[in-house]
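# Chain and residue survey
Listed below, chain by chain, are the residues.
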Amino acid sequence: MYTIAALYHFTRFPNPAAIKPALLELCQANDVKGTLLLAQEGINGTIAGPRAGIDAVLAHVRALPGCEGLEWKEASSDHPPFGKMKVRLKKEIVTMGQPDVDPVARVGNYVEPEAWNDLIRSDDVVVIDTRNDYEVEIGTFEGAIDPKTTSFGEFPAWWEENKDRFHNKRVAMFCTGGIRCEKSTNYLLGQGVEDVYHLKGGILRYLEEMPAEDSTWEGECFVFDNRVSVGHGLVEGPHALCHGCRRPILPEDMKRPEYEHGVSCHRCVHETSEADKNRFRERQKQILLSRERGEEHLGAAPHPK
């Protein structure tokens, strides 16, 4: 079994490039794979590997400046979710494009999963899903507003266009693991919104802790690893990933004529050129050749679910 750890932490790294070499070396030495992002505002990513390897990496991260309070979420998989280890330097660990946003300074009120249902059912509360449109499509909380953004950087413009709808309302926001809400709640506080809340630990913690019979969650939750989606108890969902557009698709979508494994689905078949599709076909061919040689490669899903 592989242990999967999803983590993020906002802190101040004056020189994130200095952190990268030792972190990457430790991951590789412990057979840990996935992606970690480093920026001056902190660390974010998902990794997977043997239990001992994950423990070693988490201990290393907790020892970094300001990271002693690191929290993470775990799951397990019987197949490797990632094919390689990457540690990348970024301007932001989650891109919002608002230089004045600073989650280290202040964020909204955290709401524990057991208190979330009562909050979002209150008449004076508006609930906003801060994730991308393709994530919202496969699951969200009952009554939640979908901003229909294709990237987190679009959220400030959406808020500016829609803020008058939420006058005299308390605002509750949520995302997959909590990281987007650290920024979006800080942004709204900076815009003068007084009562701002966000789900502590995000959807993943809610699905892990909340019994299905008491849940206000509807559908599945998109995750950024080879599981693609999870449900209550973080049980792997039915979705696969189209490796042409990186959107989740269902088994019945793979029976549609627009679907070509590793190349396109009904959503993206008209979004990419024939040159793009030929490039994707070549990529898929190389993946299959690598698999035949016994090399591990997760550039595309090995088999549709």
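Before reading on, note that the structure itself is shown above.
This section reports on the structure supplied with the text. Once a new chain begins, its residue numbering starts again from 1 and follows that chain's sequence as written. In keeping with the model being predicted, local features are shown solely for residues with a pLDDT of at least 70 and side-chain atom pairs are shown and tallied solely at 80 or more, while totals for entire chains, interfaces and linings include all residues. Each side-chain value is worked out from all heavy atoms of the structure, with water and hydrogens disregarded.

## A look at the overall build of the chain
Per the secondary structure count, the chain includes eight helices and 15 strands. As a reference, a globule follows 2.2 Å times the number of residues to the power 0.38, and the radius of gyration itself is taken over C-alpha atoms. Against the globule reference of 19 Å for 305 residues, the chain gives a C-alpha radius of gyration of 20 Å, in line with a compact fold. If you line up the chain on its principal axes, its C-alpha atoms span 60 × 45 × 40 Å. Looking at the chain residue by residue over its 305 residues, the buried ones come to 50%. In this description, contact between two residues means that some pair of their heavy atoms is separated by no more than 4.5 Å. Here the analysis covers contacts within the chain between residues at least 6 apart in sequence; of these, 66% occur between residues at least 24 apart. Per-residue accessibility takes into account occlusion by the displayed protein chains alone, with areas from the Shrake-Rupley method and a 1.4 Å probe. For the chain, the computed accessible surface area is about 14,500 Å², with 48% contributed by carbon and sulfur atoms. Secondary structure follows DSSP: runs of H or I at least 4 residues long count as helices, runs of E at least 2 residues long count as strands, and numbering of each begins at the N terminus. Exposed residues in this analysis have more than 50% of their type's maximum accessible area, buried residues have under 20%, and partly exposed residues fall in between, with area computed by a 1.4 Å probe over protein chains only.

## Observations concerning helix H8 (residues 274–292)
For an α-helix, 3.6 residues make a turn, and residues three or four places apart therefore share a direction. For H8, with 19 residues, the first-to-last C-alpha span of 27 Å sits near the 27 Å given by 1.5 Å per residue. Listed in full, the buried residues belonging to H8 are Lys277, Phe280, Gln284, Ile287 and Ser290. Angularly, the buried residues of H8 cover 140° about the axis, an arc narrow enough to put them on a single face. With respect to the buried face of H8, the exposed residues turned more than 90 degrees away are Ala275 and Glu292. Expected span of a helix, by definition, is 1.5 Å for each gap between consecutive residues, and there is one gap fewer than residues. To be clear, the arc concerns the directions from the helix axis to the C-beta atoms.

## Here we look at the environment of Thr3
By secondary structure assignment, the location of Thr3 is in strand E1 (residues 2–10). For Thr3, a relative accessible area of 11% puts it in the buried group. Linking Thr3 and Asp78, residues 75 residues apart in sequence, is a C-alpha distance of 9.0 Å. If we skip the residues at most four places from it in the chain, Thr3 touches Ile47, Ala48, Gly49, Arg51, Ile54, Glu74 and Ala75.

## Some remarks on the nonpolar core
In terms of nonpolar packing, the biggest core is built from 25 residues, with Ile128, Phe155, Trp159, Val171, Met173 and Leu188 touching the most fellow members. Within the residue set of this core, elements represented by two or more residues are E1, strand E7 (125–129), helix H5 (155–162), strand E9 (170–174) and helix H6 (179–190). If one sorts the elements of this core by residue count, H6 sits on top with five residues. For Met173, the contacting residues outside a window of four places in its chain are Trp116, Ile128, Thr130, Phe155, Cys181, Ser184, Thr185, Leu188, Val196, Tyr197, His198 and Leu199. Judged by nonpolar contacts, the second largest core, of 21 residues, contains Tyr197, Leu199, Tyr206 and Met210. Residues belong to a common nonpolar core when they are buried Ala, Val, Leu, Ile, Met, Phe, Trp, Tyr or Cys residues joined through side-chain atoms within 4.5 Å.

## Concerning unusual backbone geometry
Excluding glycine, a negative phi dihedral is what most residues carry, and trans is how most peptide bonds are arranged. With a phi close to 65°, Asn168 is a non-glycine residue in the positive phi region. Looking at where Asn168 falls in the secondary structure, it is placed in the loop between H5 and E9. The class of Asn168 is exposed, set by a relative accessible area of 67%. Even without being a glycine, Val228 presents a positive backbone phi close to 75°. You can call Val228 buried: its relative accessible area is 4%.

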